[in-house]
Amino acid sequence: METIEISAAEMAPHIARFREQESQSAHYAENVGIPREAYEIMAAETLYLMMAPETQGGPMAQSPAVTGDSGTSVIIARCPPGDKPLLHAHHFTVETFMCLTGRFRIRWGSTGEQEIDLDPHDMIAVPPGVDRQFENITDEEALLLVIISGTGDEDFSDLSMPPGETEFMREKFGQPVLDAYTKIGTAWRHADGSIDGPQVPAPIEISDAAMVKRIARLADMQPLSATSGDSIGVPREAREMVAAKNLYLLMAPENQGGPMSHHAAVLGPDNISVLIAECPPGDGPLLHAHHYTVETFMCLTGRFRIRWGQEGQNHIDLDPYDMIAVPPGVDRQFENISDEDARLLVGITGTSRDDYNDISMPPESTAAIRDRFGQEVIEAYGERGVTFREA
């Protein structure tokens with residue numbers, strides 16, 4: 001497998017610094033004619049679009065910090081106490097919520113009658129067609145990560161509002177605001193079953209029991225190194241050397257290939273895996289490449305150094321909620337550079353589950369594994385789709 005080199009200047013457009021982001025509501029007030037108050041009532045007070053495809057449609061697609069591949073958007077909601085968007089549905093995309101700070105209540109159902117609460121780094125993946133809403137239930141400002149996943153850009157013009165919210169918005173802001181939202185892909189549902197705007201499927205209901213299977217509680221999970229030994233035939237020490245000490249697989253496609261496809265807490269869309277690396281000081285994986293998928297890193301706590309290049313000669317440091325999306329074919333590595341345990345979010349996105357058999361190790365990493373654990377570990381990883389490059 002061939003790798004590519006990318007300079008610091010070429011990597012810069014793939015980096016989002018959280019402190020530099022502007023709220024989406026400012027863009028829509030200026031460019032689309034939707035009053036800022038109307039946008040903040042619909043979508044939460046402050047939304048930062050960290051990454052989205054350049055041509056993506058829908059009401060959350062203005063000026064992303066990082067222009068990503070088709071099929072995934074990454075958003076951070078900054079919410080004062082009690083802040084929440086209106087109840088709404090996405091009909092063709094999966095909307096995944098992860099609590100970053102504070103606590104959030106996730107409601108779902110036609111009137112938001114069902115609910116669960118998320119602690120920091122807990123996650124829920126809401127399926128298409130379900131009305132949903134989040135709320136900051138703490139006494140302080142809190143942050144929520146929102147990942148929206150679809151098969152292509154056209155899926156993102158899939159937002160609809162239930163009848164009660166439609167009438168609320170019309171009474172408060174008037175029909176022209178609803179018409180402005182319709183132009184960017186929002187459908188307005190009415191009590192008689194009619195729809196103004198894009199035609200979307202009827203909303204669906206999901207039981208508490210079914211939704212429980214779509215929730216990942218980090219406190220209840222074990223790291224991959226503790227759960228995958230028997231199935232891949234690699235000692236735990238070797239797995240921790242290759243992939244970081246504690247790597248938790250929160251969500252992955254069903255039957256995903258590759259060496260990180262075991263024991264996902266949530267079975268999600270075919271085009272994304274979500275992991276959390278919990279690293280003691282100095283911990284990180286060996287240098288490696290993904291050849292068909294984009295690997296996105298977001299610092300959750302502490303500070304992380306992201307290195308890239310065949311010898312890891314380039315690097316940037318991430319503060320909390322900074323993000324970098326490393327393109328396919330680039331050797332990369334992360335390291336906790338703080339003095340305490342720290343957490344890093346890892347998102348791996350491809351066009352299908354078949355893309356995940358795409359990891360290769362550069363010659364120095366290959367030699368380090370062979371010298372320490374022997375050829376049999378190289379061969380065991382090879383059976384899981386890992387390629388070892390030789391000098």
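In this report, we go over the structure that sits alongside the text. (Residues numbered from 1 in each chain as written. Predicted model: local features only at pLDDT ≥ 70, side-chain atom pairs only at ≥ 80, totals over all residues. Heavy atoms only, no water.)

## With respect to the overall build of the protein chain
Regarding its fold elements, the protein chain presents eleven helices and 27 strands. Taking 2.2 N^0.38 as the reference for a compact globule, 391 residues should give roughly 21 Å; the C-alpha atoms of the protein chain span a radius of gyration of 21 Å, in line with that estimate. For the C-alpha atoms alone, the extent of the protein chain along its principal axes is close to 70 × 45 × 40 Å. Contacts in the protein chain between residues at least 24 apart in sequence constitute 75% of all its contacts with a sequence separation of at least 6. Carbon and sulfur atoms make up 47% of the accessible area of the protein chain, which totals about 15,500 Å². Each charge sign in the protein chain was given a centre, from 29 positive and 62 negative side chains, and these centres are 3 Å apart. (Helix = DSSP H or I, 4+ residues; strand = E, 2+ residues; numbered from the N terminus. Rg over C-alpha atoms; globule rule 2.2 N^0.38 Å. Contact = heavy atoms within 4.5 Å. Areas by Shrake-Rupley, 256 points an atom, 1.4 Å probe, with all protein chains shown as cover. Lys, Arg positive; Asp, Glu negative; His and termini not counted. Charge placed at Lys NZ, Arg CZ, Asp CG, Glu CD.)

## Here we look at the nonpolar core
Ranked by size, the top nonpolar core spans 42 residues in total, and within it Phe97, Ile124, Phe134, Met169 and Tyr181 carry the most contacts. Looking at this core element by element, the count peaks at five residues for helix α3 (residues 36-43). Discounting chain neighbours no more than four positions away, the residues touching Met169 are Ala38, Ile41, Met42, Leu86, Gly174, Val177, Leu178, Tyr181 and Trp188. One finds Ala216, Leu218, Ile276 and Val294 within the second-largest nonpolar core, a separate group that totals 33 residues. (Core = buried A, V, L, I, M, F, W, Y, C linked by side-chain atoms within 4.5 Å. Buried < 20%, exposed > 50% of the residue type's maximum accessible area, 1.4 Å probe, protein only.)

## Side note on the sheet that holds strand β14 (residues 195-196)
An order of β5-β12-β13-β14 is seen for the four strands of this open sheet, with the pairing classed as mixed. Two strands close off the open sheet at either side, each with one partner strand: β5 (89-90) and β14. Alignment of strand β12 (residues 159-161) against strand β13 (residues 186-189), held across three bridges, turns out to be parallel. From the neighbouring strand, Leu159 faces β13, where its bridge partner is Thr186. Here helix α4 (residues 163-173) sits on the sheet in contact with β12, β13 and β14, set at roughly 105 degrees to β13. (Pairing = 2+ DSSP bridges. Axes fitted to C-alpha atoms, helices over the stretch in contact; angles between N-to-C directions.)

## Overview of the pairing of strand β21 (residues 304-308)
The alternating pattern of β21 places Phe304, Ile306 and Trp308 on a buried face, while none of Arg305 and Arg307, on the opposite face, is buried. Bridge count for β21 against strand β22 (residues 314-318) is five bridges, and the pairing is antiparallel. Of the residues in β22, the one forming a bridge with Phe304 is Leu318. Between the antiparallel neighbours β21 and β22 lie five residues, among them Gly309 with a positive phi of about 110 degrees. Across five bridges, the pairing between β21 and strand β24 (residues 331-336) is antiparallel. Bridge pairing links Arg305 to Glu335 in β24.

## Overview of the packing of α3 against α4
The interhelical angle for the contact between α3 and α4, taken along N-to-C directions, is 165 degrees, at an axis separation of 11 Å. Relative to α4, α3 is oriented roughly antiparallel. For the pair α3 and α4, the crossing hand works out as right-handed. Here Glu37, Ala38, Ile41 and Met42 of α3 come into contact with α4, specifically with Phe168, Met169, Lys172 and Phe173. When its residues are assigned to classes, the contact of α3 with α4 shows six nonpolar, no polar and two charged. (Parallel < 35°, antiparallel > 145°, perpendicular 65-115°, else oblique. Left-handed = near helix turned anticlockwise from the far one by under 90°. Nonpolar A, V, L, I, M, F, W, Y, C, P; charged D, E, K, R; others polar.)

## Here we look at the packing of helix α10 (residues 363-373) against helix α11 (residues 375-383)
Following both chains from N to C, one finds α10 and α11 inclined at 125 degrees, their axes separated by 7 Å at the closest point. The orientation of α10 with respect to α11, classified from their angle, is oblique. Contacts from Thr366, Ile369, Arg370 and Phe373 in α10 reach Gln375, Glu376, Val377 and Ile378 in α11. Looking at the contact of α10 with α11 residue by residue, the classes come out as four nonpolar, two polar and two charged.

## Topic: α10
Every buried residue belonging to α10 is among Ser365, Thr366, Ile369 and Phe373, and all of these are buried. Taken end-on, α10 shows its buried residues confined to a sector of 105 degrees, consistent with a single buried face. The exposed residues of α10 that point more than 90 degrees off its buried face are Glu364 and Asp371. Lining the buried residues of α10 we find α9 (236-243), β26 (359-361), α11 and β27 (387-388). Following α10 by one or two positions, Gly374 adopts a phi angle in the positive range, close to 95 degrees. (Arc of directions from axis to C-beta.)

## A look at the sheet that holds strand β4 (residues 72-79)
Across the sheet, seven strands lie side by side as β3-β2-β4-β11-β6-β9-β15; this open sheet has mixed pairing. Since the sheet does not close on itself, it has two edges, and those belong to β3 (66-68) and β15 (215-216), each with one partner. The sheet contact formed by strand β2 (residues 46-53) and β3 spans three bridges and is parallel. In the sheet register, Met51 faces β3, and the bridge partner there is Val66.

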